[in-house]
Each structure stands twice: as structure tokens, then as C-alpha cells.
Amino acid sequence: MYVARHLMPGRDLGDAYHLAMASFYGAHFLLTWNCRHLANANKVGHLRVVNADLGLSVPVVTTPDLLLEETEDDS
């Protein structure tokens, strides 16, 4: 569905698969170094729309560095 809805590219299904698994299983976070297709702020709104249509949760998609930075700021 992510490829059909133009959220993820169709040439490499790995990114779509990781996002689908994190969404389906209700993961709170999806950590990735892939800022082009996954940890991309421009895709957050589109992801919310697609997952809402599918009845899925929306994980926070971020890089490990940004997650650690946020955690350290909370301390």
C-alpha cells in the first residue's frame, strides 16, 4: 500500500516493508539512517493519512542520533 500510495518507492521494497511492520505491530519508534525515504519530515503528513486510512498506528520515524538527542534533552 505504501508503494501504491506513492509514500515509498517501488524499486526497493525494504523501506516499505520496515515501515509496514513497525506500523502494523504498533511500534512507537522506527529507527533508521535512511533520511531520503523514511526519516524524512516531508513524508510525515502523508504517512499519517495513509496509516489512518489503513487503521494503523504511526511510529515516530527518526534517526538514532535524533532520538538520543531528544532523550538527553529530557534528562
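This structure is a prediction, so every number in the text was calculated from the model and none was measured.

Enquirer: Hey, could you run me through the overall build of the protein in this one?
Expert: Counting secondary structure elements, the protein contains 3 helices and 2 strands. Against the 2.2 N^0.38 benchmark of 11 Å for 75 residues, the protein shows a C-alpha radius of gyration of 12 Å, consistent with a compact globule. Expressed as lengths along the three principal axes of its C-alpha atoms, the size of the protein is roughly 40 × 25 × 20 Å. Per-residue burial over the protein gives 31% buried out of 75 residues. In the protein, once contacts between residues fewer than 6 apart in sequence are set aside, the share between residues at least 24 apart is 60%. Approximately 5100 Å² of the protein is accessible, and the part contributed by carbon and sulfur atoms is 57%. On the protein, the mean spot of the 5 positive side-chain charges and the mean spot of the 9 negative ones are 16 Å from each other.

Enquirer: Explain the pattern of salt bridges here, please?
Expert: A complete count under the given rule lists 1 salt bridge for this structure. As a salt-bridge pair, D53 and R5 come within 2.8 Å of each other at their nearest N and O atoms. A residue pair is termed long-range when its members are at least 10 positions apart, and D53 in helix α2 (residues 44–54) and R5 in the segment before α1 (14–24) qualify at 48 residues. Here R5 falls in the partly exposed class, since its relative accessible area comes to 28%.

Enquirer: Got a minute to help me understand the nonpolar core in this structure?
Expert: General note: in soluble globular proteins, nonpolar side chains tend to be found buried as a group. In terms of nonpolar packing, the biggest core is built from 10 residues, these being Y2, L7, M8, A16, L19, A22, L30, L38, L47 and V50. Elements represented by at least two residues in this core include exactly α1 and α2. Top element by residues in this core is α1. It accounts for 3 residues. Excluding residues that lie within four positions of it along the chain, L7 makes contacts with Y2, L19, K43, H46 and L47.

Enquirer: Where do I start with the side chain of T32 in this structure?
Expert: Inspection of the secondary structure assignment puts T32 in the loop between β1 (29–31) and α2. A polar contact is formed between the side chain of T32 and the backbone nitrogen of N34, at a distance of 2.9 Å. Ignoring any residue separated from it by four or fewer positions in sequence, one finds T32 in contact with L38, A39, V61, T62, T63 and P64.

Enquirer: Looking at this structure, I do not really get the packing of aromatic side chains. What am I missing?
Expert: Here the distance between the centres and the angle between the planes together describe a pair of aromatic rings. Inspection of every chain in the model, using the stated rule, returns 1 aromatic pair. Ring geometry for F24 versus Y25: centroids 4.9 Å apart, planes at 90°, classification edge-to-face.

Reading the values: the criteria
Residues numbered from 1 in each chain as written. Predicted model: local features only at pLDDT ≥ 70, side-chain atom pairs only at ≥ 80, totals over all residues. Heavy atoms only, no water. Helix = DSSP H or I, 4+ residues; strand = E, 2+ residues; numbered from the N terminus. Rg over C-alpha atoms; globule rule 2.2 N^0.38 Å. Buried < 20%, exposed > 50% of the residue type's maximum accessible area, 1.4 Å probe, protein only. Contact = heavy atoms within 4.5 Å. Areas by Shrake-Rupley, 256 points an atom, 1.4 Å probe, with all protein chains shown as cover. Lys, Arg positive; Asp, Glu negative; His and termini not counted. Charge placed at Lys NZ, Arg CZ, Asp CG, Glu CD. Salt bridge = Lys/Arg side-chain N within 4 Å of Asp/Glu carboxyl O. Core = buried A, V, L, I, M, F, W, Y, C linked by side-chain atoms within 4.5 Å. Polar contact = N/O pair within 3.5 Å; in protein donor to acceptor, adjacent residues only side chain to side chain. Phe/Tyr/Trp six-rings, centres within 6.5 Å; stacked < 30°, edge-to-face > 60°.

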